[in-house]
Amino acid sequence: MSLLVVGLSHRSAPVSVLERASLAADTQAKLLQDTLAAEPATEAAVLATCNRIELYADVDKFHAGVAELSTLLAQHSGVGLDELTPYLYVHYEDRAVHHLFSVACGLDSMVVGEGQILGQIKDALARGQELHTAGRLLNDLFQQALRVGKRAHSETGIDRAGQSLVTFGLQQLAAGADPGLWARGKRALVIGAGSMSSLAAATLARTGVAEIAVANRTRARADRLVEILRQGDDTTVRARAVEMSAVGDELTRADIVVSCTGSTGLVLTADALADALGTTLDAPAETPAVALAPIPAPADVDQHAAWVENGSATSAPQAPAAPAAAPRRVTLPAQSAGPVKLALLDLAMPRDIDGAAHRIDGVRLVDIESLADASADAPMAADVDQVRTIVADEVAAFGAAQRAAHVAPTVVALRTMAADVVAGEITRLDGRLPDLDEKQRAEITQTVRRVVDKLLHAPTVRVKQLASEPGGAGYADALRELFDLDPQTVAAVSRADLNDPNRGRS
């Protein structure tokens, strides 16, 4: 079996496609169940965040696995396969491991170095465990990814290179001013009480806003977040929970609004925002198209398959040079001029706030799409290179451990067979020499066991060492063949290991 990941992110797809392809929690569960029901996959996990959707699976066939996972992503996201395919990327075996470890360290995030992704990876693993779709491979993989991410943050200064999406968003709202000075004394409305909204509320409180109102569809969660804010040692913010039905009234008092809900539709329409400010929408202005650099076409599935067939699946494939393309021409909406009366930060995917809000006089809107544009020019820290070295080392270590684990059931089955042989011979000895006393019998038994252990020690240790190297899986096959081990016995050992309730838990 081999690890395969098929996905799309802010690096491969425009935000408009990511927005349409976003998966609700119940849809993610159905996707996992359907993936496991598909023939090529025996394990599955989905990592879905505001800027990425990735499906991980343990498959026995590469081509069939890519086709099946791509089709399932299209079916459950509601985006047609033909439209989705150009934006999909595929990673296989060691490259898939490298990709997840890079994601865990924040190297693949919209804001490099941000640590929120670790919580999202943990949630993805918990979901796979709860639905019993994550087996031995994905448990090991995601647990290791969490350790690698924590190591990168503790051993390097990657935190200096990155920041949370919330902090970055507030910087964009401040438009060059110090976010602390800009936000100090303002009144904020936070819509949603999930992890991102909670982080936004805590960040606003530390920044120095005077008041935070929290609105959520489930009032109990809003109350809980408010209680946390009130108990914070580093803030004196006034916090209160409000009903979602009161959001319209709260808009008339707020200076800053942060929204991040799981809603599939708009939470704040442009008309509602205009009403709150006592104004109207400006007519759409003709904005000249802006020429941007061409985006190289992502390598397609067939090209990736060629890399795999050529034996380079475990090394980073180099995409072929894309043909020269004309610059993209896109229309960028202009924010209204004049003083900002209401600053809006939309961190949801799909979006919570109507994009037409930028046409309201006195409104500044920052959303995932504008954050993606702004982060493209963010400076990279020197620590990024150190994190990349950590990732490379950890990928090699993970591969070695997985290959060594592959031979472990065979070694256990060999030692079990040897123990059975010793037991059988001792029983036969009892029949031939019934007059042996217990001390003599015990000494003979111990001697025979020592001889067998010494004979097996060197080959089993060596086969584990060899199995940890690339291509080492063949040594397990050789061991089974040389000692005529029962395949069912080896499989039984593997199943026992897989069903260990303590495996994959941290």
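Each value, and the rule that gives it
- Residues numbered from 1 in each chain as written.
- Predicted model: local features only at pLDDT ≥ 70, side-chain atom pairs only at ≥ 80, totals over all residues.
- Heavy atoms only, no water.
- Axes fitted to C-alpha atoms, helices over the stretch in contact; angles between N-to-C directions.
- Helix = DSSP H or I, 4+ residues; strand = E, 2+ residues; numbered from the N terminus.
- Parallel < 35°, antiparallel > 145°, perpendicular 65-115°, else oblique.
- Left-handed = near helix turned anticlockwise from the far one by under 90°.
- Contact = heavy atoms within 4.5 Å.
- Nonpolar A, V, L, I, M, F, W, Y, C, P; charged D, E, K, R; others polar.
- Phe/Tyr/Trp six-rings, centres within 6.5 Å; stacked < 30°, edge-to-face > 60°.
- Buried < 20%, exposed > 50% of the residue type's maximum accessible area, 1.4 Å probe, protein only.
- 1 Å grid on protein atoms, 1.4 Å probe; cavity = no way out; pocket = protein on both sides within 12 Å on 5 of 7 lines; lining within 4 Å.
- Points joined across faces, edges and corners; volume = space filled by probe spheres on them.
- Pairing = 2+ DSSP bridges.

Caption draft 1: Quick peek at the packing of helix 5 (residues 94–104) against helix 17 (residues 383–432). The N-to-C vectors of helix 5 and helix 17 enclose an angle of 130 degrees; their axes lie 9 Å apart at closest approach. When the axis of helix 5 is compared with that of helix 17, the two are oblique. Helix-helix and strand crossings are classified by hand; for helix 5 and helix 17 the assignment is right-handed. Facing helix 5, whose interface residues are Asp94, Val97, His98, Phe101 and Ser102, helix 17 presents Val391, Glu394, Val395, Phe398 and Arg403. A per-class count over the contact of helix 5 with helix 17 returns five nonpolar, two polar and three charged.

Caption draft 2: How the structure looks around the packing of aromatic side chains. In this structure the tally under the stated criterion is three aromatic pairs. Centroid distance Phe101 to Phe398: 5.9 Å. Interplanar angle 80 degrees. Geometry classified as edge-to-face. With a gap of 297 residues between them, Phe101 in helix 5 and Phe398 in helix 17 connect regions that are remote in the sequence. Looking at Phe398, the relative accessible area reads 8%, which means it is buried.

Caption draft 3: Spotlight on the layout of surface pockets. One number sums up the size of the second largest pocket: a volume of about 1200 Å³. Considering the residues around the second largest pocket, the lining is formed by 37 residues, among which Gln28, Ser195, Cys260, Thr261 and Gly262 are closest to the centre. Of all elements in the fold, only helix 2 (25–37), strand 2 (41–49), helix 6 (116–130) and helix 11 (195–207) reach the threshold of two or more residues within the lining of the second largest pocket. Ranked by residue count, the leading element in the lining of the second largest pocket is helix 6, at six residues. For the lining of the second largest pocket, the class distribution of residues is 17 nonpolar, 16 polar and four charged.

Caption draft 4: Molecular detail of the sheet that holds strand 1 (residues 2–9). Strand order in the open sheet made by the four strands is 2-3-1-4, with antiparallel pairing throughout. In this open sheet, the two strands that pair with only one neighbour each are strand 2 and strand 4 (89–92). Between one strand and the next, the sheet's axes are offset by a mean angle of 15 degrees, whatever the strand orientation. Where strand 1 meets strand 4, four bridges bridge the pair, whose relative direction is antiparallel. Within strand 4, the residue paired with Val6 across the bridge is Val90. Contacts from helix 6 reach strand 2 and strand 3 (52–59) within the one sheet, and its direction differs from that of strand 2 by about 145 degrees.

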